[in-house]
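Listed below, chain by chain, are the residues.
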Amino acid sequence: MSGYATDVLVGLDEEKLNKALMQGTRIYLAGNGYVESTDDHGITVRGIAPPVWKDFFHTNYSTKAKGSHTKASHYTTDFLGYRYRCCLSNSAKGWGISLCRLPNKVPALRDDLGLDFSVIEPLTLGSGLTLFAGRMGSGKSTTMAAVIGQLDSRFASIATVEDPIEVLYPSQSIIQREIGTHVDSFPDAIRDCVRQNRTTIVVSEIRDSETAEAALLAASTGHSVYGTIHADNAFDIYTRMLILVGQRYERVLARNLRGLWWQQVVRFGTPDRKPVPIYESVLIDNDAQIILDGGPSSLPMLASVMERQGRKNMAHVAMMAVSQGRASREEMYEFLNRRNRLSFD
């Protein structure tokens, strides 16, 4: 998450805390009763957990703790009408649960995320690997889920492998598998997808070499593969992926990347202003492949490919937000003055 935050201490005010918790998208609940909740606007409310949340903690601790002070538990659970991704872990201050509220429906790109599918759609056509990137909390997984929701499952033959399953797609034809519940690992699940004749494979996070290689090899055999990865900008996506797959796959990576999408969401710490998505992308066409063949040192040349494709970089998108009155230059400073990036201006 990027932008400005508002911090509110409410202590024992149960009514205010309950309201904040029901609006919270990221919640931390400690065994000693402390709780904090951050909503989609970046407003954080802190206080003492209401009884129902204390009961929730103790129930989860008794059923999910693994009998070790050093092992965390990762799982999803339903609570008060919402689904949450949870991490139960120990710390110097005792046990606590970090919760991330999951979408209760497939997100809509324009209405929910403020993004235009026509910008992303060219990155989804044909076979190859499309990567959605950003920092932690940037919304990359949500954007990827919204894109998958746009695909026609009658023709795409979709399978997902997730840790955990975040969005439940209504189509019965979409196979969704969760690590630790339905399959042991990401690489195993990706190989299963190939054997299941799935034409579209969705990997919730590419975070290790084995998963990266499996996703890339699936893309190289004619599959349409989607995945998320942590990166600092669109060019950095290629570098991060190359580190994971290694130099022996450098040419395979350049030949099978289909599209790169990077994003960040700026929040302003007030419900009066909508979050602003900042993004940049590049379609890996023949010109882009030639640049990637030159290795990481050639990546700045992708700026000219983006310009030819009519794609905006993060500075352009940030400047659009300023010109439309949705943000000030100061609020967009990080993206307007990003170091080590080429400017089209």
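Parameters at a glance
- Residues numbered from 1 in each chain as written.
- Predicted model: local features only at pLDDT ≥ 70, side-chain atom pairs only at ≥ 80, totals over all residues.
- Heavy atoms only, no water.
- Helix = DSSP H or I, 4+ residues; strand = E, 2+ residues; numbered from the N terminus.
- Buried < 20%, exposed > 50% of the residue type's maximum accessible area, 1.4 Å probe, protein only.
- Pairing = 2+ DSSP bridges.
- Polar contact = N/O pair within 3.5 Å; in protein donor to acceptor, adjacent residues only side chain to side chain.
- Contact = heavy atoms within 4.5 Å.
- Axes fitted to C-alpha atoms, helices over the stretch in contact; angles between N-to-C directions.
- Parallel < 35°, antiparallel > 145°, perpendicular 65-115°, else oblique.
- Left-handed = near helix turned anticlockwise from the far one by under 90°.
- Nonpolar A, V, L, I, M, F, W, Y, C, P; charged D, E, K, R; others polar.
- Salt bridge = Lys/Arg side-chain N within 4 Å of Asp/Glu carboxyl O.
- Core = buried A, V, L, I, M, F, W, Y, C linked by side-chain atoms within 4.5 Å.

A short note on the environment of I120
If you trace the backbone, I120 turns up in helix α4 (residues 117–120). A relative accessible area of 0% means that I120 is categorised as buried. Between the C-alpha atom of I120 and that of T143, which follows or precedes it by 23 residues, the distance is 9.9 Å.

As for the environment of G81
Positionally, G81 belongs in the loop between β6 (73–79) and β7 (82–89). Along the sequence, G81 and V317 sit 236 residues apart, while their C-alpha atoms lie 36 Å from each other.

Topic: the pairing of strand β15 (residues 276–283)
Taken across its 8 residues, β15 has 7 buried, putting it largely inside the fold. Both strand β14 (residues 257–267) and β15 contribute to a ladder of 8 bridges, which runs antiparallel. When the sheet's bridge partners are listed, Q264 is paired in β15 with I278.

Quick word on the side chain of E162
By secondary structure assignment, the location of E162 is in strand β10 (residues 158–162). In this structure the side chain of E162 is engaged in a polar contact, spanning 2.6 Å, whose partner is the side chain of T160. The residues contacting E162, other than those within four sequence positions of it, are V167, Q176, R177, E178, I179, F186 and S204.

Notes on the packing of helix α7 (residues 186–195) against helix α8 (residues 209–220)
Where α7 contacts α8, the two axes come as close as 8 Å, and the packing angle between them is 15°. Between α7 and α8, the crossing angle belongs to the class labelled roughly parallel. Viewed along their axes, α7 and α8 form a crossing whose handedness is left-handed. For the pair α7 and α8, contact is made by F186, P187, I190 and V194 and by E210, T211, A214, A215 and A218, respectively. For the contact of α7 with α8, the residue count by class is 7 nonpolar, 1 polar and 1 charged.

Points about the pattern of salt bridges
One pass over the structure, following the stated rule, counts 19 salt bridges. Where D232 meets R135, a salt bridge forms, and the shortest distance between an N and an O atom there is 3.6 Å. Taken as a pair, D232 in the loop between β13 (224–230) and α9 (234–245) and R135 in the loop between β9 (128–134) and α5 (140–150) lie far apart in primary sequence, 97 residues in all. Judged by relative accessible area, D232 falls into the partly exposed class, the value being 31%. Residues participating in the shared-partner salt-bridge network are R135, D232 and E334.

Quick look at the nonpolar core
One recurring pattern in soluble globular proteins is that nonpolar side chains are buried together. L131, M241, L257, I278 and M332 are the most contacted members of the largest nonpolar core, which has 80 residues in total. In terms of residue count, the dominant contributor to this core is α9 (8 residues). Each residue touching M241, except ones within four places of it in the same chain, is listed here: L129, L131, I206, A212, I229 and L253. Listed in part, the 21 residues of the second largest apolar core include V10, A20, W53 and W95.

Some points on the pairing of strand β4 (residues 34–38)
Here strand β3 (residues 26–30) pairs with β4 via 4 bridges, running antiparallel. Residue pairing across strands places R26 opposite T38, the latter belonging to β4. In sequence, β3 turns back onto β4 through a hairpin of 3 residues, with G33 there showing a positive phi of about 100°. Where β4 lies against strand β5 (residues 43–48), 5 bridges are found, and the strand directions are antiparallel. Bridge pairing in β5 links T38 to T44. As consecutive antiparallel partners, β4 and β5 are separated by 4 residues, and within that stretch G42 has a phi angle of approximately 90°, a positive value.

Such coordinate-based values are descriptive only and should not be taken to indicate function.
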